[in-house]
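Residues per chain are reported as follows:
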Amino acid sequence: MEEFIPPLPSRINYINAEYGLKSWLLTRDHKRIALLYLGSITFFFFIGGVYAMLIRLELLTPQGDLLQSTTYNKVFTQHGIIMVFFFLIPSIPATLGNFLVPMMIGAKDLAFPRINLLSWYIYMLGGGVTIYALLAGGVDTGWTFYTPFSTTFSNSYVVATGLGIFINGFSSILTGLNFIVTIHTMRAPGMTWFRLPLFIWAHYATSLVMILGTPVIAITILLLAFERLAHIGIFDPAVGGDPVLFQHLFWFYSHPAVYIMILPSMGVVSELIANFSRKNIFGYSFVAFSSLAIAVFGFLVWGHHLFVSSQSLYAGMIFSFLSFAVAVPSAIKVFNWTATLYKGSISFDTPMLYALGFIGLFTIGGMTGLFLATLGVNVHVTDTYFIVAHFHYIMVGGAIFGYLGGLHYWWPKISGRMYPDGWGRFSALLIFAGFNLTFFPQFVAGYLGMPRRYHAYPPEFQVFNVLSTAGASILAVGYLIPAVYLVWSMRYGKVAPGNPWHLPGLEWRTQSPPPTENFDYTPVVTWEAYEFAPPEEMEVVGKYHDQTAEKV
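Rules of the game
Residues numbered from 1 in each chain as written. Predicted model: local features only at pLDDT ≥ 70, side-chain atom pairs only at ≥ 80, totals over all residues. Heavy atoms only, no water. Helix = DSSP H or I, 4+ residues; strand = E, 2+ residues; numbered from the N terminus. Rg over C-alpha atoms; globule rule 2.2 N^0.38 Å. Buried < 20%, exposed > 50% of the residue type's maximum accessible area, 1.4 Å probe, protein only. Contact = heavy atoms within 4.5 Å. Areas by Shrake-Rupley, 256 points an atom, 1.4 Å probe, with all protein chains shown as cover. Lys, Arg positive; Asp, Glu negative; His and termini not counted. Charge placed at Lys NZ, Arg CZ, Asp CG, Glu CD. Axes fitted to C-alpha atoms, helices over the stretch in contact; angles between N-to-C directions. Left-handed = near helix turned anticlockwise from the far one by under 90°. Nonpolar A, V, L, I, M, F, W, Y, C, P; charged D, E, K, R; others polar. Expected span 1.5 Å × (residues − 1). Bend = angle between axes of the 7 residues up to and from the residue. Salt bridge = Lys/Arg side-chain N within 4 Å of Asp/Glu carboxyl O. Phe/Tyr/Trp six-rings, centres within 6.5 Å; stacked < 30°, edge-to-face > 60°. Lys NZ or Arg CZ within 6 Å of the ring centre and 35° of its normal. Patch = residues over 30% accessible without salt bridge, like charges linked within 9 Å, V, L, I, M, F, W, Y side chains within 5 Å.

Novice: Which residues make up the overall build of the chain, and what values go with them?
Specialist: Across its full length, the chain carries 18 helices and zero strands. Taken over the C-alpha trace, the chain has a radius of gyration of 23 Å; the compact-globule value for 552 residues is 24 Å, and the two agree within 12%. The C-alpha extent of the chain, read off along each of the three principal axes, is 70 × 45 × 45 Å. Going through the 552 residues of the chain one by one, you find that 59% of them count as buried. Summarising the internal contacts of the chain: among those between residues at least 6 apart in sequence, 83% fall at separations of at least 24. As displayed, the chain has an accessible area near 21400 Å², and 70% of this comes from carbon and sulfur atoms. Looking at the chain, you have 26 positive and 26 negative side-chain charges, and the mean spots of the two groups are 5 Å apart.

Next up, the structure:
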C-alpha cells in the first residue's frame, strides 16, 4: 500500500461549522441529518422499551393483574409498531448509512441532499401522527393489522396509526433511492464495485428492498383504511372480500422488511469482523453477492406466514422449500465471518464483542427459523412464544447488536471523542446475558404451548415468564449504560484521532469529526477493500492526527 499522509485536523468540522437550531433543521449535510435521525430513533426506541417493560411486568404473574386485557392488547400492539416501523427499519440505514455511505465511497454528500432532509421530516411527521394515535386511545389489532378485526371490529385508532405508518413509508423509499443513486454515480476514482466495503453492498441490497417493497405495504394500509371507512369489500368476507388477501399483501412487504432490518447489520458485522481480525474478509465476492441474494429471495418466502391459513398445501410446500433456500446466503455470511476469524489478529474491543454476539444470536435465530419453515412443526408452534423468541433473536440479537456495534465502532468519527471502552465491554456482555435470559426461556414456553398475545396464562408457564422478566430488567440496564457514557463522552471523552483503529477505509482518512465536505481533496482509491498493511505502515494514516489532536 502506498504511503498516505492525511491532512492536518482543523478546528472546523460538520458539528461546529454552523450554530443555531435553524442550521440543524435546514441542513443538507448528510452527517447532520444522520444525527437528527439518531436522536429521533433513540426517542422511539425508549418509547418502545417502556411498552416492552409493561408487557414483561404484566406477564410476571399468571393472572392479568396489572393491565386489563384490552389495555394489554394495545400495549403489545404499540410496542411492535414503534419498534418495527420507527426503530428497527430506519435504525442503521438512516443513521450509520446516512453518515457513512458518502464517506466510504469518497463522495462529499448523498446525491440528493434536499431529499435526504425531506426524508427525515417525513419520518418525523409519520412518527408524530402515530404518537397522536397512541395517545388518543391506541390501537389493539397487533402490529400486523390482521383483517377483518382491524377493518370491522376494532374500536381503536386503526386509521390514524395506519396513516402514520403510510407516511413513514415514503421516508424509507426516499432514503433507498438516495443510496442507490449515490452508490452508482458518486464513487471516488478507483472505487470499483469490488473495492466497495461490504457495508455499502449491504445498504445497496437494503435499498432495493426499500424501493420495491415499501409501496406494497403503503397500498395495503391504504386499502385497509378504505375498507374500514367505506366497507368496500376488499378484505371483509361479509361483503365479498378475502381476509387472506390482506395477509398475502402484508407479508409480501413485511418479510422482506425483516431483511431491511438485518442486512445493514450484516454489513456492519462484515466491517467489524474484518477490521478487528485485521484480515481481508474470507470470500469477499460471496459475502457481497449473498446480500443481493437475500434481497431477492426475501420477496419469495412470504407465504410461510400463511401455513395455517387457507393457503393450499402445494403452495405451502413451495414456500417451505424457498424458506429453506433463503437460509443459504445467510449461512454463507456466517461461514465466511467464521473463516475470517480463523488465525486472525483478533482485538476484543467493544464493537467486536457486539459482532461476535451478533453471530451467535443470529445463528440461533436462523436455525429456529428452519423449524418454522417446516410445515409440520410450524402448525404446532404458530402463535406461541416460540415465534416471539425466534423473531427477537433475529431482530434484537441481530439488528440491534449490529446497530450498537456499528455505533461504537464509528462513534470516534461521528463525535470526535472516544468512549470508555471498559464500560463499553461491560454493557455489551450485560446486553448479551440479559437478552438470552429474556428470550431463550420463551423458546421452551412456546414449544410447550404457551400462546402469545395473552395477558393471563396457565400457572405452569410462570417460571419461564419470571426468567424473561428478570432478563428484560438486565437488558434495560444494559441499554441505558451506553446511552449514558456515549452522551458523557461527547464532552469529557478523550479527543479521537482521525484513524483511531488504524484502518484503510476512506472514512478513516479524514479528520474526526469530518469537515462538512468530508474530504479536503478528491480521494483516489488504489487499494483493495480490507487491504491491511503492517501496523507500522498503517500508523502513517493516523499519526498526523494523533500528533495534533490535543492542540485541536
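From this point, things continue past the structure.
Novice: Describe the side chain of Ser172, naming the residues involved and giving the relevant values.
Specialist: With respect to the element layout, Ser172 can be found in helix H7 (residues 158–185). Apart from residues no more than four positions distant in its own chain, Ser172 is found in contact with Ile89, Met210 and Thr214.

Novice: I'd like to hear about the packing of helix H2 (residues 30–58) against helix H15 (residues 385–415), residue by residue, with values.
Specialist: What describes two packed helices is the angle between their axes and the distance between those same axes. In contact at an axis separation of 14 Å, H2 and H15 are set at 145 degrees when each is read in the N-to-C sense. Classified by chirality, the crossing of H15 by H2 is left-handed. When H2 is examined against H15, the residues Leu35, Leu38, Ile41, Phe45 and Arg56 are found in contact with a partner set consisting of Tyr385, Ile400, Tyr403, Leu407, Trp411 and Ile414. Considering only residue class, the contact of H2 with H15 consists of ten nonpolar, no polar and one charged.

Novice: So what's going on with helix H8 (residues 198–230)? Which residues, and what values?
Specialist: A rise of 1.5 Å per residue sets the reference length of H8, with its 33 residues, at 48 Å; its end C-alpha atoms lie 48 Å apart and thus fit the reference within 8%. At Gly213, H8 shows its largest kink, close to 30 degrees, and the proline Pro215 lies no more than four residues downstream. His231, located one to two residues past H8, shows a positive phi value of around 50 degrees.

Novice: Give a detailed account of the environment of Val334, specifying residues and quantitative values.
Specialist: Following the sequence through the fold, Val334 ends up in helix H12 (residues 327–341). Residues within four places of Val334 in sequence aside, it is in contact with Ile359, Phe362 and Thr363.

Novice: With reference to specific residues and values, describe the pattern of salt bridges.
Specialist: Summed over the entire model, instances satisfying the criterion amount to five salt bridges. Ionic pairing is found between Arg425 and Asp349, a salt bridge with its closest N-O pair at 3.7 Å. Highlighted residues: Arg425 in helix H16 (residues 421–447) and Asp349 in the loop between H12 and helix H13 (350–373), separated in sequence by 76 residues. The class for Asp349 is buried, based on a relative accessible area of 18%.

Novice: For the packing of aromatic side chains, give the residues involved together with the corresponding values.
Specialist: Going through the model one piece at a time under the given rule, you end up with 52 aromatic pairs. Consider the rings of Phe44 and Phe86, whose centres lie 5.2 Å apart with planes at 25 degrees: the pair is stacked. Separated by 42 residues along the polypeptide, Phe44 in helix H2 and Phe86 in helix H3 (residues 69–88) bring together distant segments of the chain. Grouping residues by exposure puts Phe44 and Phe86 together as buried. An angle of 75 degrees between the planes, with centres 5.7 Å apart, marks the rings of Trp337 and Phe358 as edge-to-face. Pair noted here: Trp337 is in helix H12 and Phe358 is in helix H13, with a separation of 21 residues, a long-range link. Residue Trp337 shares its accessibility class with Phe358, and that shared class is buried. An aromatic cluster is built from Tyr354, Phe371, Phe386, Tyr393, Phe401, Phe432, Phe435, Phe439, Phe440 and Phe443, whose rings are joined through pairwise contacts. One Lys or Arg, Arg32, reaches over the ring of Trp24 and ends 4.1 Å from the middle of that ring. Over the face of the ring belonging to Trp527 we find Arg509, whose NZ or CZ atom lies 4.0 Å from the ring centre.

Novice: Before we move on, can you summarise a nonpolar patch on the surface with the specific residues and values?
Specialist: On the surface, a cluster of nonpolar side chains totalling about 300 Å² of accessible area is made up of Leu57, Leu60, Leu66 and Val466. The class of Val466 is partly exposed, set by a relative accessible area of 36%.

Novice: Any chance you could break down unusual backbone geometry for me, citing the residues and the numbers?
Specialist: Of note, the amide linkage connecting Thr147 to Pro148 takes the cis form, showing an omega dihedral of 5 degrees. Backbone torsion omega between Ser512 and Pro513 reads -10 degrees, so that peptide bond is classified as cis. By secondary structure assignment, the location of Pro513 is in the loop between helix H17 (462–492) and helix H18 (535–548). Located in the positive-phi region is Phe145, a residue other than glycine, with phi close to 55 degrees. By the element assignment, Phe145 lies in the loop between helix H5 (113–136) and helix H6 (149–153).

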